[in-house]
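# Working through the structure, step by step
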Amino acid sequence: MIKTKKQGLLIVLSGPSGSGKNTVCDEVKKGNKNIWESISMTSRKPRNSEVNGEAYYFVSKEEFEKNIKDGKMLEYAEFAGNYYGTLTDSVFKHLNNGEDVILVIEIQGALQIKKKIPQAIFVFLLPPSMQELKRRLIGRKTESKDKVMERFETAYKEINELSKYNYVIVNDEVKAAASKLMAIIKAERCRVDRIEEVFLDNLEEKIHEKLVDKNLENKPLEMNNLK
Ligand code: 5GP
């Protein structure tokens, strides 16, 4: 039997604005109650349907800066003229509770996390094409034309950071992209370095003895042996 580490996985999902990070993340959470999505803090004004404490914690610029000064942010960035950031305490509370935590954040913040917690899992979501990204950003009707263009231009810079991530998913279809993200999470849960202890009962030990060739066991690999 294998006992894995109690602490959950930290998954960082990034990608240009309009790549569909939130939609893909929502789809993954639907079937997985053990995944908790962090609620970010932002100085951006709420959009029509956005509820404080659900989409974001909406705060003033001054309040955000106070949180930075007080050392409460795990990461933060300025994006399209507003602050966005993740609160350290809530992330660790959920991780230590054994839940997998997903952060849906832009690239500058993701790279700060990579420095602090390199063992986190970094996934980059790409739109199927830049034309499609532009179409989605315009179609959302949440930003002015200038802001849409600003986000679109930022997307090019963000895609340049792709190689700093562990995984990439092209979001041409939400369900397919979500199932790829879920496959990544499942595989990461099986990593050998997630194992804390292995128990072998008597029967398993007997099977193990039969399977392992005594002549090979514990012998270092040598070039000659590979022939
Ligand atoms: P939006 O204004 O469209 O809600 O978000 C703008 C960008 O900020 C998106 O790429 C979004 O993923 C990112 N974002 C949201 N929350 C955070 C956060 O806590 N930290 C960072 N660095 N980016 C965030």
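See above for the structure.
Everything numeric in this text was worked out from a predicted model, so none of it was measured.

## Quick notes on the overall build of the protein
On a plain count of helices and strands, the protein comes out with 8 helices and 11 strands. Relative to its 227 residues, the protein shows a buried fraction of 27%. Once local pairs closer than 6 in sequence are excluded, the contacts in the protein between residues at least 24 apart make up 70%.

## Considerations on the packing of helix H5 (residues 130-140) against helix H6 (residues 145-159)
Axis separation between H5 and H6 bottoms out at 10 Å; the angle between their running directions is 150 degrees. What the angle tells us is that H5 and H6 run roughly antiparallel. The chirality of how H5 crosses H6 is right-handed. Counting all contacts with H5, which are made through Leu133, Lys134, Leu137 and Ile138, the residues of H6 involved are Val148, Arg151, Phe152 and Ala155. Its residues assigned to classes, the contact of H5 with H6 shows 6 nonpolar, no polar and 2 charged.

## What to know about the packing of helix H1 (residues 21-30) against helix H7 (residues 174-189)
Any two packed helices are characterised by how steeply their axes cross, that is the angle between the axes, and by the distance between the axes. In the contact formed by H1 and H7, the axes pass within 9 Å of each other and the chain directions differ by 65 degrees. Crossing geometry of H1 relative to H7 is assigned as right-handed. Of the residues in H7, those in contact with Thr23, Val24, Glu27 and Val28 of H1 are Val174, Lys175, Ala177, Ala178, Leu181 and Met182. Of the residues contributing to the contact of H1 with H7, the split by class is 7 nonpolar, 1 polar and 2 charged.

## Description of unusual backbone geometry
Here alanine 80, not a glycine, exhibits a phi torsion of approximately 45 degrees, which is positive. Tracing the backbone through its elements, the reader meets alanine 80 in the loop between strand E6 (73-79) and strand E7 (82-87).

## A look at the nonpolar core
One recurring pattern in soluble globular proteins is that nonpolar side chains are buried together. Core analysis: the biggest nonpolar cluster contains 36 residues, and Ile11, Val12, Leu13, Val123 and Leu125 have the highest contact counts within it. Elements that contribute at least two residues to this core include exactly strand E2 (10-14), H1, E6, E7, strand E8 (100-104), helix H4 (107-116), strand E9 (121-126) and H7. Take this core: its biggest share by element is 6 residues, from E9. If near-sequence neighbours (up to four positions away) are discounted, valine 12 is found in contact with Leu103, Ile105, Ala110, Ile113, Ala120, Ile121, Phe122 and Val123.

## A few points about the environment of isoleucine 117
For isoleucine 117, the location among the structural elements is in the loop between H4 and E9. Isoleucine 117 sits in the partly exposed class, given 14 other C-beta atoms within 10 Å. Once the C-alpha coordinates of isoleucine 117 and leucine 10 are considered, the two residues, 107 residues apart in sequence, prove to be 8.9 Å apart.

What counts, and at which threshold
- Residues numbered from 1 in each chain as written.
- Predicted model: local features only at pLDDT ≥ 70, side-chain atom pairs only at ≥ 80, totals over all residues.
- Helix = DSSP H or I, 4+ residues; strand = E, 2+ residues; numbered from the N terminus.
- Buried ≥ 20, exposed ≤ 12 C-beta atoms within 10 Å, placed from the backbone.
- Contact = placed C-beta atoms within 7 Å.
- Axes fitted to C-alpha atoms, helices over the stretch in contact; angles between N-to-C directions.
- Parallel < 35°, antiparallel > 145°, perpendicular 65-115°, else oblique.
- Left-handed = near helix turned anticlockwise from the far one by under 90°.
- Nonpolar A, V, L, I, M, F, W, Y, C, P; charged D, E, K, R; others polar.
- Core = buried A, V, L, I, M, F, W, Y, C linked by C-beta atoms within 7 Å.

The analysis is restricted to geometry; functional conclusions fall outside its scope.
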